[in-house]
Amino acid sequence: MNKIWISMLALLLALPTFAQKDKDHDFKVAKNMDVFNAIYKNLDMMYVDTLNADEVIGYGIKAMLGSLDPYTTYYPESDQKELKRMLTGKYAGVGALIRYNNQLQTVVIDEPYENMPAAEAGLKKGDVILSIADTSMVGKEVSYVSDHLRGEPGTSFIIKIKRPSTGKEMKMKVTRRTIQMPYLPYYGMLQNQVGYINYNSFTENSARDVRRAFIDLRKQGAKSLVLDLRDNGGGSVQEAISIVNMFLPKNKLILQMKGKLKRSNNEYKTSVEPIDTVMPIAVLVNENTASASEITSGSLQDYDRAIILGTRTYGKGLVQATMDLPYNGQMKLTTAKYYIPSGRCVQALNYKHSRGGYVEHVPDSLTKVFYTVGGREVRDGGGIKPDVEVKPDSLPNIAFYLAGARDSNEVMLNYEVDYIAKHPTIASPEEFALTDADYEEFKARVLKANFKYDRETEKYLKDLEKLAKFEGYYEDAKPEFEALKKKLSHNVAKDLDYNKATIKRLLENAIVAAYYYQAGAIRNSLRYDKVVKEASRLLNSPEEYAKILHPKKK
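Keep in mind it's a predicted model, so treat the numbers as computed, not measured.

Peer 1: Sorry if this is basic, but what is going on with unusual backbone geometry here?
Peer 2: Residues other than glycine predominantly adopt negative phi, and peptide bonds predominantly adopt the trans conformation. One non-glycine residue, Asp134, lies in the positive phi region at around 70 degrees. Note on placement: Asp134 falls in the loop between β5 (128-132) and β6 (135-136). Phi is positive for Gln193, which is not a glycine, with a value near 60 degrees. Along the chain, Gln193 turns up in the loop between β10 (186-189) and β11 (194-198).

As C-alpha cells, then:
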C-alpha cells in the first residue's frame, strides 16, 4: 500500500514539470511565428526590390522541412500531379525513358515501354527529340522535355524526331494515356524447378499480380522461389502485408506503427489464409531495397520463412501520411516509425537532412539485439542485414563512362543504335550475344572517338603525390612516382580488352532491351547474375538452406 502512495505522490509532483514543459514549448512556437511574420512584413515593406512571395516564403518552407527527415515534403498546387504519380505509380504520358545525350547536348529516347504510346507510335532508342507540339526541345534538359511529354490522358500531339541511323527527320502523332510503371516486369522459371519473380514497386493492387505470378509458377512446376526485391524502393504498406500473407498463416503480426498521436499507432496482421507456407524462398535485396520492401524481407526473415541474400538494405523505417493544406497544397509528413515482427525498427539511427539525408549503418556494437521466431539473432540500427551476403560485381570505371557519364562522347549509345538499325531481329534474350568481331568493331569505334575517362588509379596517385609533397618525401621518391605514372598512363585499348566481359554484357543488355523491352533485359541479365545463381544453389541444397534458417544453438 505504501508503494502505491509513493508512486501516486511522485506522479503528482511530476505533473507541474510536464505542464511547464508544454507551456514553454507553446511559448517558443508563438514567439518564433511572430518573429517570422515580422521579418517578412519588414522585408516586403522596405526591401529594395519587390519580393516574390511564393519564392521567398517557399525557400523558408523548404529550409524548415530540410531540418527534418528527407521524406517530409511540401507540395504546392503546381506539384500535385507529381505527388499523385509518386503515390500511385501512375502518370499520363507516352511511356518511355528519355535521357540527355552528352554528344548532341539534347534529349533522346532511351527506352520505350512495351505496349505503350511511344512504342506504338514507332519511337525507338536513340531518336533525337526535336520538337513536341511545335515547341522546340533542342538543347533542353530532361525535366523540360518530360513536362511536355506528359499531359491529360487522351490528348494528342505531334512529336518531331531525328533518327540517327538514317539521318531523317520524322513526325509522329502520339496520344497520351495513363501510364502504369511496370511493377512486375518479369517472372519465369529458372533451372532446377526454381521460380523467379522480379518485383520493383509496391504500387496499388500490385500484390494481386504477384499472387497470380506465384500460382502460375507453381503450375509450371516451381518447387522453390526467388523473390527479387533489389532496387525496389517500396510503396504501399498494405501491398507488402498482402505479399507476406501469401507465405505466412492468418493472424500473424507483421507490422506495428508508433507515432506521437494515437491515430498514428496501428497494427497490421495477416488477414487471409496463405497460399504456401512450406516452399523454400530466397529474397534478394540490396542497398536500394527500402520501405515496404524492407517490411516484406524483414518479416519473412523474422518468421524464419525465407533466407535473405544480397547486401544490407537502405534502412527506411519511417511512415508518411499526406494532409491537405490551404490553397490546394499538400504535405507529406513523417508521422510514425514502424516495427517488424521481432520488434526491431529498420530505420537508420540518424536520418536528418542536416546529416546529408541517408546516413551510414551503425556498427553492430551500437545496435540492439532482437530475435527471430526460431531464436536467430537480428539487429536494428539500419536496414535488413542479409542472412547470406553476396556483393554484385562492381562496374569498372571505363564502363561507367562509356555508359553515359556526363562528359562522355556517347560512343556506346551510338554503337547500340547502329547495331539495332542493322539487325531487324536478334536471338532470344537468353541466347543473344555479341561476337568477338562485334566487340572488336566497338573497340575500334571507341579508339577512333579518342575516348577519355578518369581512372581511379590516376586519381589516387595524384592524391598520394600531393601528400608526399606536403610531408616532404616527394623529392626522394620522385623517380618512383615518375615510373608509376608511366605504368598507369591511359591505355584505353588495354582497358577495353581487360574489361571486355563486363562491357559486352552492358552492350548486350541495352540492345536486348530495344527488342524485348524490360522483361527481355532481365531475362538476358539472369545469365550472369551471381546473386540469383547463389540463391538458386541454396534453394537446391536443402541441408544448407535449413542450416541458415535453423542453426544449431551453441
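Peer 1: Looking at this model, I keep getting lost on the pattern of salt bridges. Mind explaining?
Peer 2: For side chains of opposite charge, pairing can occur when their charged atoms come near one another. For the structure on display, the rule yields 25 salt bridges. The partner of Asp304 in a salt bridge is Arg376, with the nearest N and O atoms 2.7 Å apart. Here Asp304, found in the loop between α8 (292-302) and β16 (307-310), pairs with Arg376, found in the loop between β19 (369-371) and β20 (377-379); they are 72 residues apart in sequence, far enough to count as distant. Of the two residues, Asp304 and Arg376, both sit in the buried class. Between Arg537 and Glu544 there is a salt bridge whose closest N-O contact spans 3.0 Å. Using a relative accessible area of 36% as the deciding quantity, one classes Arg537 as partly exposed.

Peer 1: I'm lost on the pairing of β11 in this one. Help?
Peer 2: Regular strands show a simple pattern: their side chains alternate between the two faces of the sheet. β11 sits mainly inside the fold: 5 of its 5 residues count as buried. The alternating pattern of β11 places Val194, Tyr196 and Asn198 and Gly195 and Ile197 on opposite faces, both of which are buried. Here β10 pairs with β11 via 4 bridges, running antiparallel. Across the sheet, the residue bridging to Met189 is Gly195, located in β11. Counting the residues between successive antiparallel strands, the hairpin from β10 to β11 contains 4 residues, one of them, Asn192, with a positive phi of roughly 60 degrees. Alignment of β11 against strand β12 (residues 224-228), held across 5 bridges, turns out to be parallel.

Peer 1: What should I look at first to understand the packing of helix α10 (residues 411-422) against helix α11 (residues 436-448) in this one?
Peer 2: How two helices pack is summed up by the angle between their axes together with the distance between the axes. Contact geometry of α10 with α11 gives a least axis separation of 10 Å together with a crossing angle of 140 degrees. As the angle between them shows, α10 and α11 are arranged oblique. You can see that α10 and α11 cross each other, and the crossing is right-handed. Contacts between α10 and α11 pair Val411, Met412, Asn414, Tyr415, Asp418, Tyr419 and Lys422 from the former with Asp438, Glu441, Phe442, Arg445 and Val446 from the latter. Classifying every residue of the contact of α10 with α11 by side-chain character gives 6 nonpolar, 1 polar and 5 charged.

Peer 1: Help me understand α8 in this model?
Peer 2: Because the α-helix completes a turn every 3.6 residues, residues three or four places apart line up on one side. Of all 11 residues in α8, 11 are buried, a share of seventy percent or more. When α8 is considered as a whole, its buried residues turn out to be Ala292, Ser293, Glu294, Ile295, Thr296, Ser297, Gly298, Ser299, Leu300, Gln301 and Asp302. Once α8 finishes, Asp304 follows within two positions and takes phi at roughly 55 degrees, a positive value.

Peer 1: Help me out: how do you make sense of the packing of aromatic side chains in this one?
Peer 2: Centre distance and the angle of the planes are the two values used to describe a pair of aromatic rings. All told, the structure shown has 8 aromatic pairs when counted by the stated rule. Geometrically, the ring pair formed by Tyr415 and Tyr419 is tilted, given 6.2 Å between the ring centres and 40 degrees between the ring planes. Of this pair, Tyr415 and Tyr419 both sit in helix α10, 4 residues apart, which is roughly one turn of that helix. When its relative accessible area of 9% is taken as the criterion, Tyr419 is described as buried. Ring geometry for Tyr419 against Phe432: centres 6.1 Å apart, planes inclined by 70 degrees, an arrangement best described as edge-to-face. You can see Tyr419 sitting in helix α10 and its partner Phe432 sitting in the loop between α10 and α11, a full 13 residues away along the chain. A connected cluster of aromatic rings, assembled from ring pairs, spans Tyr415, Tyr419, Phe432, Tyr439 and Phe442. Residue placement shows Arg150 over the ring face of Tyr91; its charged tip is 4.5 Å from the ring centre. For the cation-ring pair, Lys316 lies above Tyr71, with the distance from its terminal atom to the ring centre recorded as 4.5 Å.

Here is what the cut-offs are and how they apply
- Residues numbered from 1 in each chain as written.
- Predicted model: local features only at pLDDT ≥ 70, side-chain atom pairs only at ≥ 80, totals over all residues.
- Heavy atoms only, no water.
- Helix = DSSP H or I, 4+ residues; strand = E, 2+ residues; numbered from the N terminus.
- Salt bridge = Lys/Arg side-chain N within 4 Å of Asp/Glu carboxyl O.
- Buried < 20%, exposed > 50% of the residue type's maximum accessible area, 1.4 Å probe, protein only.
- Pairing = 2+ DSSP bridges.
- Axes fitted to C-alpha atoms, helices over the stretch in contact; angles between N-to-C directions.
- Parallel < 35°, antiparallel > 145°, perpendicular 65-115°, else oblique.
- Left-handed = near helix turned anticlockwise from the far one by under 90°.
- Contact = heavy atoms within 4.5 Å.
- Nonpolar A, V, L, I, M, F, W, Y, C, P; charged D, E, K, R; others polar.
- Phe/Tyr/Trp six-rings, centres within 6.5 Å; stacked < 30°, edge-to-face > 60°.
- Lys NZ or Arg CZ within 6 Å of the ring centre and 35° of its normal.

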